[in-house]
Structure formats: structure tokens, C-alpha cells
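# Structural features, examined
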Amino acid sequence: MSDAPPPVANSGEDAITRTVDVEPETFAEEGVPLEEAYEVKRTLKEIHKGQYQRIALQFPDELLHDAVPVFRAIRDQLPLEKELYVLADTTYGSCCVDEVAAQHVDADLVVHYGHTCLSPTARLPVIYVLTKRTIDVSHAASTLASTSKDTLDDKKAVILSYDVGYAHQAEAVLHQLQHQLTLPVVLRRIDRQMNFDKKGKAKEEGTGVDGEATGVPVEEVQGEGQVDEMEEDEEDNTPADGVSDLAPAPTPEGLVPSDQLPPSMPPNRTLFDLPDGVGIEDCVIFYLGGESHALTNLLMTHGKCPVWTYDPATRECRLESSKTNRMLMRRYAVVEKAKDADVIGILVGTLGVSAYLPLISHLRNLIASQQKKSYTVAVGKLNPAKLANFMEVECFVLVACPENTLIDSKEFLRPIVTPYELELALTSKAWTGDYILDFMTLLSSSTFGQKHSDPDKSEEDPEGPVFSSVTGTYRHPKRYQAGGVTDVDDLNAKVNALELRNQSSAVAQVLGSAAGDFLAGRTYRGLEPRYGMDAPAVVEDGRSGIARGYGDEK
């Protein structure tokens, strides 16, 4: 028997041979054919109607097991000159359209499968194919009606909302609730209507008035890559729940994102029509779905309404509004920490959502107006290790889609706030109870830049200390220059703010550089030369020989 000592380090073979138990997500109800579940015929119709040539199929990680069959089902019925690509491992959240990866293959259309946040895209038109999860319609309606009956006395209406995976059954649940409740019940409709611009590809073929998709049913695919022509006088069969085929397509001029605001605000992605004289605060919300980012956003943005949820997986109903106060208290604590931050990092969490560049520009101007320093950081998917590399940053603001912008930062070294929370922290804007996550709504409602007098701030010394609600003490904030160097004359004018590297190779301040200030205050700066600090050593003969026996060893 060998007496060889055990290896010092593991070979890593167990990581290769280890079996990982993965339970893939079911995309549709059991027994539904794959082509029907993934709406292959509708996808082919829209590809031919829009004359798209390079199509990207975006799958989330949990649906990658179906990527090859879906690819083949579409590929077999497309002409050879049309190119098809599969996108996986998204740059940011899988709920958003990955326009960065789509542009790598120069795609002119994206087909997005699975759960989505329905954020408006910045460049490309999108076909959304939603997950169709199983739900017991009768049990869902009866459970919501019976469990919530004691909280409906002072309410005037019920809003039925849902996770996008249950959109195909939302209308059926609505009809059941209308028969079981005396209050009016309205459906929160998902609006994914394709509104092509006058110069859009599909404007000339298959669209109705003002570029809206006609919504006619999909024709049978005949032959290879051939689709029957659509009759102009066919009946409009847009689904009753308001879910239509495609997301808005930008104009050809909008393929390159701009930091300027668009001339008009895009329509809301979710709509509901309340009865006359009924406000949102007079309603109770029923939600179909389990715990998710979408539910968290619903609770935060509708804090004035009680929210009842029905989880089809557990078949349980419960009141979720009790969580809202706790979440708002945690977010308020994060806002107070943001007030104390002098160096703020702008995290780019999306490159595809419309108006993300105007929002980043708005945040930069807002931070500079308070004589604070901002850094723009793009790190892809967030984790504590990545952000811990930016030690000089005292607070981060995340620019991402509504479902990914709320981050519980207790595991991170620095707090992470939303753009709306940062505006509350840096301006005198009062929190009225509204919580804004949509980019365009935030930009249009911002009071930054408007002239108003604040009597409390007018009497304060701009160079004096400020009170910190986090520590309960006064602190002296750092002041950073708002503008950078534009030319040589500007550099000469600001040379008094520049301290060049001295003999110890330390940078104290470089034109208001927060990183330079942080480096100057560090006690350990790595392996640095000690010029002029040590006396020259006497030259000596070094060791000679090889490792198994040097010349000076006996």
C-alpha cells in the first residue's frame, strides 16, 4: 500500500465530475406543444411582415434547455438569407432586452422569451413571448374574494394586477371576481402594442392607423418561409387582456441613444381605467403571482393601497401591505446615508432601457450642483466584491429597469439608492408618499434646476458643518469642483488645486480628484519605492549555486 502523502491542494476534479441538480422552469402548461407555447407562428408572421433579416432570440438561463428546439422550429421555416441567433447570459437582468448582445450580431429584431419588465427599448423593436404559468382560475378568484372581504368596506374599486406569466388567464380571473364582488373590478392591462414610427419597417406592411399593429390572428405557415398575405378587412382580434404582439420600435434616427429627452413621453406599459370619481387611494389591489421584484415594485409604488396576493404555486392568499412600511423605513435609512455621501458612484445597470442616458446626465448635474463628486461605473451584474473595489465611493446610485433598481445593500460595503432616492437626498424635495421608478416619469417630475427659495438653507454657512442623521453628530462635508479642465488656460487657472507627485510618489489632490484624496489618506499604498529614506547598502557577493545546494550551505 502506498504511503505517499496526501496532495497539498485539491486537483479540482470533483468540481468537474460533480452532479448539479437543476430543475428547469416550465414555460407553459403541461401538454402544450412547443411551437404553440413559444408562439412560433406569430413570430414568423412578424418577421415576414417587418422584413427583418437578422433576428436574435433571447432566452433566460432557466429556459435555455428549449433554445435549440425553438431555434430549429423557426429556422426551418425561414428563407436561407435570414439569419437567426440565440442570446444567453444577458449583460444585465434577463427581464430586460439585451440590446448590447443583439448589436454584436447587428440584429434588427429581438424575440424576448420568458419573464419581462416591459421596459421601453432604446434602439430595437421587440417581440415578447411571455411565460404561460398554470393557475386555478376558480380557486384564485374565490380565495381572493373571501379572504379580503373584511377590508373592502371603505373601498370603491378593485384593481386586478398580475405577474406577466399569468397574463393569459387574467381575463378569466377578472370575470370570476366580477361575479363574486359587489365592487367594480378593473384589470391592469399590459400594453405592448407595436407603434411604429412613420419611417419604421412595418409601417408600410400590416399596420393600422398611426402605425399600430392590426392584431389579426396568425395565418398558417405554408412551404418554406412563406406566409399568407393578411387581408385588410379582417376582424381585429387583439386579446381581451390588452396584451399585443410587439414592443415599441424606435425611429431609425433613434438607433443611437441620445442624452437628450425625447420630444414626448412614451405611454405607460401598464394601464387601468378607474370609474369616475375614484382615485388610486380608494382602491384595493389583487395580485396574481408569488414573491418577486415585480411585487416589490408594486408595493413600493402603490403604498397607499392595500395589496392582496394570490400565489398559484402555494394556492395561498395573504395581505402584503404590512411589508410596505418596513421596506419604506429601510429605504429611508438608505436615503439618510446618501445625504452624508460626498463621493457618489453612478452604476450603469442598463444599456437598453429608453431614456437611460438623459437620466445619467441628470444625475451628474444634480450631484455636481451640490459640490459632490460623481464617478460613472459600468460593471455588468452587481455583486459586493465588484463594488468593494471602489473604496473612495461613499454611495452608489443604480440606473436600471424598475425590477432591478431596488437593491438590498446590506451585503454591500456602500449603500445603493435609486435615482428618485438620490434626488430626495440632494434636494429639498419633500417625499409625498409617491415612489417613482420609471425614468421618464422621474425626469418629468424632477424639480432640480427650478428656482425656489429655501429659508433654512439661505441662513446656513455654505462652508460650515452639517448635521448627520446617521451618526447624530456634525460633520464637515468635502467640496469638489463642479467643472473639469477644458483647455490649457483653464488648467493654468486651476493650477493651485493641483499638487504634483512629490518624491514619495503620493498624490494629495488632483483637480478635486476623490480618488487622489483617498489615495493620499491611505496608510498602506502597496510596494512603493523609498527614495531618499534609506542609506545606500554596501555591495556584497550574492549566493551562488542551485536550489538543492547553494555554495554557502554545508
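Residues numbered from 1 in each chain as written. Predicted model: local features only at pLDDT ≥ 70, side-chain atom pairs only at ≥ 80, totals over all residues. Heavy atoms only, no water.

Let us look at the nonpolar core. By size, the foremost hydrophobic cluster in this structure holds 52 residues, and its most contacted members are Val399 and Leu422. A per-element tally of this core places helix H10 (residues 356-369) first, with 6 residues. Ignoring sequence-local partners within four residues, the contact set of Val399 consists of Ile346, Leu347, Val348, Gly349, Thr350, Tyr356, Leu359, Ile360, Leu363, Pro419 and Phe439. The next biggest cluster of nonpolar side chains, apart from the first, holds 41 residues, and it includes Val126, Leu152, Ala167 and Val173. (Core = buried A, V, L, I, M, F, W, Y, C linked by side-chain atoms within 4.5 Å. Buried < 20%, exposed > 50% of the residue type's maximum accessible area, 1.4 Å probe, protein only. Helix = DSSP H or I, 4+ residues; strand = E, 2+ residues; numbered from the N terminus. Contact = heavy atoms within 4.5 Å.)

At a minimum axis distance of 9 Å, the contact between helix H9 (residues 322-339) and helix H12 (residues 419-426) shows a crossing angle of 55°. With respect to their mutual orientation, H9 and H12 come out oblique. Classified by chirality, the crossing of H12 by H9 is right-handed. On the side of H9, the interface is formed by Arg331, Val335, Ala338 and Lys339, while H12 contributes Glu421, Leu424 and Ala425. Looking at the contact of H9 with H12, its residues break down into 4 nonpolar, no polar and 3 charged. (Axes fitted to C-alpha atoms, helices over the stretch in contact; angles between N-to-C directions. Parallel < 35°, antiparallel > 145°, perpendicular 65-115°, else oblique. Left-handed = near helix turned anticlockwise from the far one by under 90°. Nonpolar A, V, L, I, M, F, W, Y, C, P; charged D, E, K, R; others polar.)

Turning next to the sheet that holds strand E12 (residues 283-288). Read across the sheet, 5 strands follow the order E6-E5-E12-E13-E14 without closing on themselves; strand pairing throughout is mixed. Unpaired on one side and paired on the other, strand E6 (185-187) and strand E14 (316-319) mark the two borders of the sheet. Within the sheet, the average angular offset between the axes of one strand and its neighbour, ignoring direction, is 20°. Sheet strands in contact with helix H7 (residues 170-180) are strand E5 (157-162), E6 and E12, and its direction is about 175° off that of E6. (Pairing = 2+ DSSP bridges.)

Moving on, we come to the sheet that holds strand E15 (residues 343-348). Strand order across the open sheet formed by 4 strands is E16-E15-E17-E18, with parallel pairing between neighbours. Every interior strand has two partners, whereas the edge strands, strand E16 (373-377) and strand E18 (416-417), have only one. Bridge analysis of strand E17 (residues 395-399) against E18 gives 2 bridges, and the strand direction is parallel. Across the sheet, Phe396 pairs through a bridge with Ile416, a residue of E18. Contacting E15, E16 and E17, H10 crosses the sheet at an angle of about 180° to E15.

On to the pairing of E5, then. Burial analysis of E5 places 6 of its 6 residues in the buried class, the great majority of the element. Of the two faces of E5, the one lined by Ala157, Ile159 and Ser161 and the one lined by Val158, Leu160 and Tyr162 are each fully buried. Here E5 runs beside E12; their pairing, made up of 6 bridges, is parallel. Considered in E12, the bridge of Ala157 is made with Cys283.

What follows concerns the pattern of salt bridges. For the structure on display, the rule yields 16 salt bridges. With its nearest N and O atoms 2.9 Å apart, the salt bridge here joins Glu83 to Arg54. One end of the pair, Glu83, is in strand E2 (residues 83-87); the other, Arg54, is in strand E1 (residues 54-58), and 29 residues separate them in sequence. The salt bridge partner of Asp342 is Lys372, with a shortest N-O separation of 3.4 Å. Here Asp342, found in the loop between H9 and E15, pairs with Lys372, found in the loop between H10 and E16; they are 30 residues apart in sequence, far enough to count as distant. Both residues of the pair, Asp342 and Lys372, count as buried. Where salt bridges share partners, they join Asp340, Asp342, Lys372 and Arg475 into one cluster. (Salt bridge = Lys/Arg side-chain N within 4 Å of Asp/Glu carboxyl O.)

With that settled, consider the packing of aromatic side chains. Inspection of the entire model under this criterion finds 4 aromatic pairs. Ring geometry for Tyr38 and Phe59: centres 6.3 Å apart, planes at 50°, overall tilted. Here Tyr38 is found in the loop between helix H2 (34-37) and helix H3 (40-50), whereas its partner Phe59 is found in the loop between E1 and helix H4 (67-75), with 21 residues between them in sequence. Exposure class is identical for Tyr38 and Phe59. Each is buried. On the numbers, 5.8 Å between centres and 70° between planes, the contact of Tyr420 with Tyr435 is edge-to-face. Highlighted residues: Tyr420 in helix H12 and Tyr435 in the loop between H12 and helix H13 (439-445), separated in sequence by 15 residues. One exposure class covers both Tyr420 and Tyr435, and it is buried. Here a set of aromatic residues connected by ring pairs shows up, and it is made of Tyr38, Phe59 and Tyr113. Positioned over the ring face of Tyr166 is Arg133, at 6.0 Å from the centre of the ring. (Phe/Tyr/Trp six-rings, centres within 6.5 Å; stacked < 30°, edge-to-face > 60°. Lys NZ or Arg CZ within 6 Å of the ring centre and 35° of its normal.)

Glancing now at a nonpolar patch on the surface. A cluster of nonpolar residues, Met391, Leu413 and Phe518, forms a patch on the protein surface that exposes about 250 Å² of accessible area. Here Phe518 lies in helix H16 (residues 514-520). Exposure remark for Phe518: the relative accessible area of 30% places this residue in the partly exposed category. (Patch = residues over 30% accessible without salt bridge, like charges linked within 9 Å, V, L, I, M, F, W, Y side chains within 5 Å. Areas by Shrake-Rupley, 256 points an atom, 1.4 Å probe, with all protein chains shown as cover.)

Of all residues in the chain, 73% have pLDDT values of 70 or greater, and the mean over the chain is 76. Contacts of residues 194-200 to residues separated by more than four positions or lying in other chains number 26 contacts, the stretch itself having pLDDT below 50. Note on residues 495-511: pLDDT is under 50 here. Beyond four places in sequence and across chains, it has 23 contacts. (pLDDT = per-residue confidence, 0-100.)

Turning to H4, its buried residues number three or more, namely Ala67, Val70, Ala73 and Ile74. All buried residues of H4 fall inside an arc of 135° around its axis, so they share one side. Packed against the buried residues of H4 are H2, H3, E1, E2 and strand E3 (109-113). (Arc of directions from axis to C-beta.)

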